[in-house]
Structure formats: C-alpha cells, structure tokens
Amino acid sequence: MIGTQIRPAGPYDEERIRRFLAGLSLHTQTLRFFSGIPSPGAGLVRALLAIDGRRDAIVAEHDGEIIGHAMSYRGGVADVEIAIVVTDEWQGRGLGRRLIGTLLRRAAVRGATTVGMDVMGENRRVLRIIRRMWPDATMKVSSGCVEVTAMIQPAAVFAEQGSVGPPLTL
C-alpha cells in the first residue's frame, strides 16, 4: 500500500471521481450501486463528494488517481450508514478495510455507536469481511439484499489507526 493516501473528499475531486467510477467494471459498479453506471452524472458525482453535518466522504488515492471511495450518512436504522467501493485492480489488498476503519473513526468522533450497510447477497467477499469485523452483526435478508447493523467498537476502530496513519477528523 506504499504510495496510497486516504483523505477527505472534496469538490476538487469531481473529475477524478468521474474517471474512477467510469473505470470500475460493470460487476463492481453493480455490487456498489446495485446498477451499472456507464456515464456517471453530475448529481451522482456531487452526492459522492458531499461532506456536511449528516454526510461524510473520503477517498483513497495512488499516484494522484482515486482508487477507493467511502461515504457515510447519519440516520436510518443505525447512527451511520456506510458504503465503500474500491477499483477492481486494488480489491483484495486491504484497502476496503482501511477505508472502513477511517470512515468509522470519523463517525465515532462525532458520536456514532452503530453502523449500518446494505450489501447485495451475491457480494460474498464483503459479507465475509463483515462477519470478521462484526461477528455479532445483525443481518436481515430482504429482496436479495443483506441489511447489516453492527456496533461500532471504538477500541478496535482506534487501535487500527496505527496501520492507517493519523485519523482524519474535521
């Protein structure tokens, strides 16, 4: 992971996030967005980069290009709902876990204690990661989607900080 950096997203990332999304395989797009997105529109790009009192977004970059994106929003079934996607080339290298750890640290600092996410039932890799990270997570299957709710364990989230560098806080 040498040369990768995780940082807050911003409006200056619009063109790079558009290239990132367009470069994802149809399979990866579908696992993240539940649909293919052959031409990412301006509204989607802005939504993925929005940071405010309810939403947070971070990106992972390597050599100036975005290779991963994670976002959260407050509300819903859990304190914070999250979604993560990593470019096909970087999948399986631990980048998704780093993004999750960073995003949850940021959420925990703001008082979140529970995390939720919707995962396609066929996304076995992510479901295995969830089972390892949150063995006590509640999983409910609905229309081919697994609705996951788990406790954010601050000690574990902050302990992982050593492997990802300093926390990114607002």
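Residues numbered from 1 in each chain as written. Predicted model: local features only at pLDDT ≥ 70, side-chain atom pairs only at ≥ 80, totals over all residues. Heavy atoms only, no water.

### Remarks on helix H4 (residues 95-109)
Thinking step 1. Over its 15 residues, H4 extends 21 Å from the first C-alpha to the last, a length consistent with the 21 Å expected when each residue adds 1.5 Å.
Thinking step 2. Among the 15 residues that make up H4, 12 are buried, leaving the element largely enclosed by the rest of the structure.
Thinking step 3. Within H4, the full set of buried residues consists of Leu 95, Arg 98, Leu 99, Ile 100, Gly 101, Thr 102, Leu 103, Leu 104, Arg 105, Arg 106, Ala 107 and Ala 108.
Thinking step 4. Just beyond H4, the residue with positive phi is Gly 111, at close to 100°. (Helix = DSSP H or I, 4+ residues; strand = E, 2+ residues; numbered from the N terminus. Expected span 1.5 Å × (residues − 1). Buried < 20%, exposed > 50% of the residue type's maximum accessible area, 1.4 Å probe, protein only.)

### Some thoughts on the packing of aromatic side chains
Thinking step 1. If you walk through the whole model with that rule in mind, you get zero aromatic pairs.
Thinking step 2. If you follow Arg 93 out to its NZ or CZ, it ends over the ring of Trp 90, 4.4 Å from the centre. (Phe/Tyr/Trp six-rings, centres within 6.5 Å; stacked < 30°, edge-to-face > 60°. Lys NZ or Arg CZ within 6 Å of the ring centre and 35° of its normal.)

### Quick word on the pattern of salt bridges
Thinking step 1. The full count for this structure, using the stated rule, is nine salt bridges.
Thinking step 2. With a closest N to O distance of 2.7 Å, Arg 106 and Asp 56 form a salt bridge. Taken together, the residues Arg 106 in helix H4 and Asp 56 in strand E2 (residues 55-62) connect sequence positions 50 residues apart.
Thinking step 3. Among the residues examined, Arg 106 registers a relative accessible area of 1% and is labelled buried.
Thinking step 4. Its relative accessible area of 4% is what places Asp 56 among the buried residues.
Thinking step 5. When the shortest N-O distance is used, the salt bridge between Asp 56 and Arg 110 registers 3.6 Å. (Salt bridge = Lys/Arg side-chain N within 4 Å of Asp/Glu carboxyl O.)

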